[in-house]
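# Fold and geometry: a report
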Amino acid sequence: MDETQSVTVFDSDQQQLGETYAHALIGLGQKTGATQQLLEQLSSVGDVLRKLPKLGSMLQSPQIAPAEKMKLLEKAFGGRIDGKLMNFLKIVLEKRRFDCLPAIQAAAKKIFDELSGRMQATITTAEPIDDEGRQRVEAKLAGMFNKQIQLATRTDPSIIGGMVVRVGDTVYDGSVKNQLNQVRARASQRAADAIRASLDRFMTR
């Protein structure tokens, strides 16, 4: 399969800050033995903010006083998440980096998976893959990376056939759609080369 780098959804500043805060959260979880619980609750917080974008906008808005944001945060999540996570979110809020929360969540999950010897992978097929096919892909990836693979599946008829496998930040595109695109690209390149060669011959006469 052809390997191409996937495009991150975070800008460089968000990614860097996300990793910094994520390491702090993981460290807190390791000290208390509650890393998985904290990450699950952080994921729940992210789910709520995606469902209530107005709340997220208010928590990020520079026009709302920090004290009011703290009250909003307590009202939304107080008593529903671990106190350690609440204090962590308050620090993120105080530093005016609440916009980095999705990047923090993504980085924390990646770090925790690495520490636990796991990797996240996603396969996309034109039609649903059966259990046997899924197990074969999991086994192959586990052998390639020497890690436990947590595999998610999705379907996309537009790829026509084959599969697209995403592991971490890398995409292996073995879809029929990608192969056809490559054939077209090579044909276009050959045509362009032929035109340039003809022009070169014309100019040297």
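Residues numbered from 1 in each chain as written. Predicted model: local features only at pLDDT ≥ 70, side-chain atom pairs only at ≥ 80, totals over all residues. Heavy atoms only, no water.

## Let's talk about the overall build of the protein chain
We apply this condition: The helix count covers DSSP runs of H or I at least four residues long, the strand count covers runs of E at least two residues long, and both are numbered beginning at the N terminus. Remark: exposure states derive from per-residue accessible area (1.4 Å probe, protein chains only) relative to the maximum for the residue type, with buried under 20%, exposed over 50%, and partly exposed in between. Note on contacts: a residue pair is in contact if any heavy atoms of the two residues lie within 4.5 Å. Residue exposure ignores everything except the shown protein chains as possible cover, and the areas themselves are Shrake-Rupley values with a 1.4 Å probe.
For the protein chain, the count of helices and strands is eight helices and five strands. In the protein chain, the order of α-helices and β-strands from amino to carboxyl end is β-α-α-α-α-α-α-β-α-β-β-β-α. Within the span of the protein chain, comprising 205 residues, buried residues form 32% of the whole. In the protein chain, the share of contacts with a sequence separation of at least 24, taken over all contacts with a separation of at least 6, comes to 66%. When the accessible surface of the protein chain is split by element, carbon and sulfur atoms take 53% of a total near 13100 Å².

## Quick look at the nonpolar core
For clarity, the threshold we go by: Side-chain atoms within 4.5 Å link the members of a nonpolar core, which is a set of buried Ala, Val, Leu, Ile, Met, Phe, Trp, Tyr and Cys residues.
Core analysis: the biggest nonpolar cluster contains 28 residues, and Leu-89 and Phe-98 have the highest contact counts within it. Looking at this core, the elements with two or more residues in it are helix 1 (12-32), helix 2 (35-51), helix 3 (53-60), helix 4 (66-77), helix 5 (83-94) and helix 6 (101-115). Those residues within four positions of Phe-98 in sequence are excluded, and the remaining contacts are Leu-49, Leu-59, Gln-60, Leu-73, Leu-89, Val-92 and Leu-93. Core analysis: the second largest hydrophobic core is formed by ten residues, Met-119, Val-137, Leu-151 and Val-165 among them.

## Topic: the packing of aromatic side chains
Stated formally: Aromatic pairing here means that ring centres of Phe, Tyr or Trp (its six-membered ring) are within 6.5 Å. Orientation follows from the plane angle: under 30 degrees is stacked, over 60 is edge-to-face, and everything else is tilted.
In total, this model carries one aromatic pair according to the counting rule given. With a centroid separation of 6.2 Å and 85 degrees between ring planes, the pair formed by Tyr-21 and Phe-88 is classed as edge-to-face. Highlighted residues: Tyr-21 in helix 1 and Phe-88 in helix 5, separated in sequence by 67 residues. Overall, the relative accessible area of 8% leaves Phe-88 in the buried class.

## Section: the pattern of salt bridges
Definition in use: The working definition used for a salt bridge is a side-chain nitrogen of Lys or Arg within 4 Å of a carboxyl oxygen of Asp or Glu.
With the rule as written, the count across this model stands at eight salt bridges. Note that Lys-71 and Glu-68 form a salt bridge whose closest N and O atoms lie 3.7 Å from each other. Of this pair, Lys-71 and Glu-68 both sit in helix 4, three residues apart, which is roughly one turn of the helix. Take Lys-71: its relative accessible area is 55%, and that puts it in the exposed class.

## Quick notes on the pairing of strand 2 (residues 118-125)
The side chains of a regular strand alternate, residue by residue, between the two faces of the sheet. Quick reminder of the rule: In this analysis, strands are considered paired if DSSP registers two or more bridges between them.
For strand 2, the tally of buried residues reaches six of eight residues, placing the bulk of the element in the interior. Taken together, the five bridges between strand 2 and strand 4 (residues 163-167) define a ladder with antiparallel strand orientation. By the bridge assignment, Thr-125 is partnered in strand 4 with Met-163.

## With respect to unusual backbone geometry
Here Arg-96, not a glycine, exhibits a phi torsion of approximately 60 degrees, which is positive. Structurally, Arg-96 can be placed in the loop between helix 5 and helix 6. At Ile-160, a residue that is not glycine, the phi angle is positive and equals roughly 75 degrees. Summarising the element assignment, Ile-160 is placed in the loop between strand 3 (148-155) and strand 4. A relative accessible area of 51% means that Ile-160 is categorised as exposed.

## Quick notes on the side chain of Thr-35
The test is simple: A 3.5 Å cut-off defines polar contacts: any pair of N or O atoms within that distance qualifies, except that in protein one atom must be a possible hydrogen donor and the other a possible acceptor, and neighbouring residues in sequence count only when both atoms are side-chain atoms.
Among the structural elements, Thr-35 can be located in helix 2. The class of Thr-35 is buried, set by a relative accessible area of 10%. Within the local environment of Thr-35, its side chain forms a polar contact with the backbone nitrogen of Gln-30, the two atoms lying 3.2 Å apart. Aside from chain neighbours lying at most four places away, what touches Thr-35 is Ile-26, Gly-29, Gln-30 and Phe-112.

## Re the confidence of the model for the protein chain
The line we're drawing: pLDDT expresses, on a scale from 0 to 100, how confident the predictor is about each individual residue.
For the protein chain, the average pLDDT comes to 84, and 88% of its residues sit at 70 or higher. Within the protein chain, no element has a lower average pLDDT than strand 1 (residues 2-5), which sits at 39, and none a higher one than helix 5, at 95. Long-range and interchain partners of residues 1-8, a stretch whose pLDDT sits below 50, account for 22 contacts in this model, where long-range means more than four residues apart.

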